[in-house]
Amino acid sequence: MLQIQNTLVSLDLAERFFCCDLDSCLGECCIEGDAGAPITEEEKKRLEEILPVVWDDLLPAARREIEENGVAYTDEEGDLVTSIVDGRNCVFTTFGEGGMCHCAIEKACRAGKTDFLKPASCHLYPVRLTEYPSFTAVNYHRWKICKCAEILGHKRGIRLYQFLEGPLVRRFGREWYDELVEACEAYIEQYCK
């Protein structure tokens, strides 16, 4: 583990290579799993606010789910997560050519319709955060559907901490990220050559 300010960061961020390969996985992380994406109460409010902006891009089943149960629910582990359809698909998932999944929220943001990119947990994926009273754990969530991203990252020489620069800066700030880079580079120089 690397200690960066009030976080403990898994060595996976330095050791593992990663670069999303949407052409191979088709965005499967948006439609696989047994719960929605973890969100905060503030993010739930933002999702409710932008709902009219993304509504037309949502699938009919997703619209029904939101009308009946809202944009989020508390899962079996007690976490607030985005609502899902068919027990697996995030309600904000849309589909493009070839069945590729897209996020309706991110699509609206990139079109300038909202300033909310997407929930932080989605932006940070495959990193998951666990909040403890005195620190935050930053861990890599390894999942078979992301194997193609590990292969592409290795091919391109992109390590996980590099791939997630934007999301990590969004969550922890530039100073924190710069400290992470310094720690990762020192670790790689000593242990990964």
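See the structure shown above.
Anyway, here's the lowdown on the structure attached to this text. (Residues numbered from 1 in each chain as written. Predicted model: local features only at pLDDT ≥ 70, side-chain atom pairs only at ≥ 80, totals over all residues. Heavy atoms only, no water.)

## Some points on the nonpolar core
Within the largest apolar cluster, 26 residues are counted, with the highest numbers of intra-cluster contacts made by Val-9, Leu-13, Tyr-161, Leu-168, Trp-176 and Leu-180. Mapped by element, the contributors of at least two residues to this core are β1 (2-4), α1 (12-15), β10 (136-140), α8 (160-163), α9 (165-172) and α10 (174-191). Apart from the residues within four sequence positions on either side, Val-9 is in contact with Met-1, Leu-2, Ile-4, Val-138, Trp-176 and Leu-180. One finds Ile-39, Ile-66, Cys-90 and Phe-116 within the second-largest nonpolar core, a separate group that totals 20 residues. (Core = buried A, V, L, I, M, F, W, Y, C linked by side-chain atoms within 4.5 Å. Buried < 20%, exposed > 50% of the residue type's maximum accessible area, 1.4 Å probe, protein only. Helix = DSSP H or I, 4+ residues; strand = E, 2+ residues; numbered from the N terminus. Contact = heavy atoms within 4.5 Å.)

## Things to note about the packing of aromatic side chains
Counted by the stated rule, this structure contains six aromatic pairs. Judged by centre distance (5.4 Å) and plane angle (55°), the ring pair of Phe-18 and Phe-163 falls under tilted. On the criterion of sequence distance, the pair formed by Phe-18 in the loop between α1 and α2 (22-25) and Phe-163 in helix α8 is long-range, its members being 145 residues apart. Residue Phe-18 is classed as buried on the basis of its relative accessible area of 2%. Relative accessible area serves as the criterion here: at 27%, Phe-163 is assigned to the partly exposed category. Centre to centre, the rings of Tyr-132 and Phe-135 are 4.8 Å apart; their planes meet at 25°, and the pair counts as stacked. Take Tyr-132: its relative accessible area is 43%, and that puts it in the partly exposed class. (Phe/Tyr/Trp six-rings, centres within 6.5 Å; stacked < 30°, edge-to-face > 60°.)

## A short note on the packing of α9 against α10
Remark: α9 packs on α10, axes separated minimally by 7 Å, with the N-to-C direction vectors making an angle of 130°. On the basis of the axis angle, α9 is oblique to α10. Packed against α9, whose contacting residues are Glu-165, Leu-168, Val-169 and Phe-172, the element α10 presents Arg-174, Trp-176, Tyr-177 and Leu-180 at the interface. Within the contact of α9 with α10, the residues separate by chemical class into six nonpolar, no polar and two charged. (Axes fitted to C-alpha atoms, helices over the stretch in contact; angles between N-to-C directions. Parallel < 35°, antiparallel > 145°, perpendicular 65-115°, else oblique. Nonpolar A, V, L, I, M, F, W, Y, C, P; charged D, E, K, R; others polar.)

## A few points about the environment of Val-71
Here Val-71 shows up in the loop between α4 (60-69) and β3 (72-74). Distance from Val-71 to Thr-7, taken between C-alpha atoms, is 30 Å for residues 64 residues apart in sequence. Apart from the residues within four sequence positions on either side, Val-71 is in contact with Lys-44, Leu-47, Glu-48, Leu-51, Ile-66, Val-81, Thr-82, Ser-83 and Phe-92.

## Some thoughts on a negative patch on the surface
Together, Asp-34, Glu-76, Glu-77 and Asp-79 give the surface a local cluster of negative charge. By secondary structure assignment, the location of Glu-77 is in the loop between β3 and β4 (80-82). (Patch = residues over 30% accessible without salt bridge, like charges linked within 9 Å, V, L, I, M, F, W, Y side chains within 5 Å. Areas by Shrake-Rupley, 256 points an atom, 1.4 Å probe, with all protein chains shown as cover. Salt bridge = Lys/Arg side-chain N within 4 Å of Asp/Glu carboxyl O. Lys, Arg positive; Asp, Glu negative; His and termini not counted. Charge placed at Lys NZ, Arg CZ, Asp CG, Glu CD.)

## Remarks on the pattern of salt bridges
In the structure shown here, the tally under the stated rule is 11 salt bridges. Between Lys-118 and Glu-106 there is a salt bridge; the shortest N-O distance is 2.8 Å. Within this pair, whereas Lys-118 is found in the loop between α5 (104-110) and α6 (120-124), its partner Glu-106 is found in helix α5, the two being separated by 12 residues in sequence. Each member of the pair, Lys-118 together with Glu-106, is buried. In this structure, a network of salt bridges that share partners links the residues Arg-46, Glu-49 and Asp-115.

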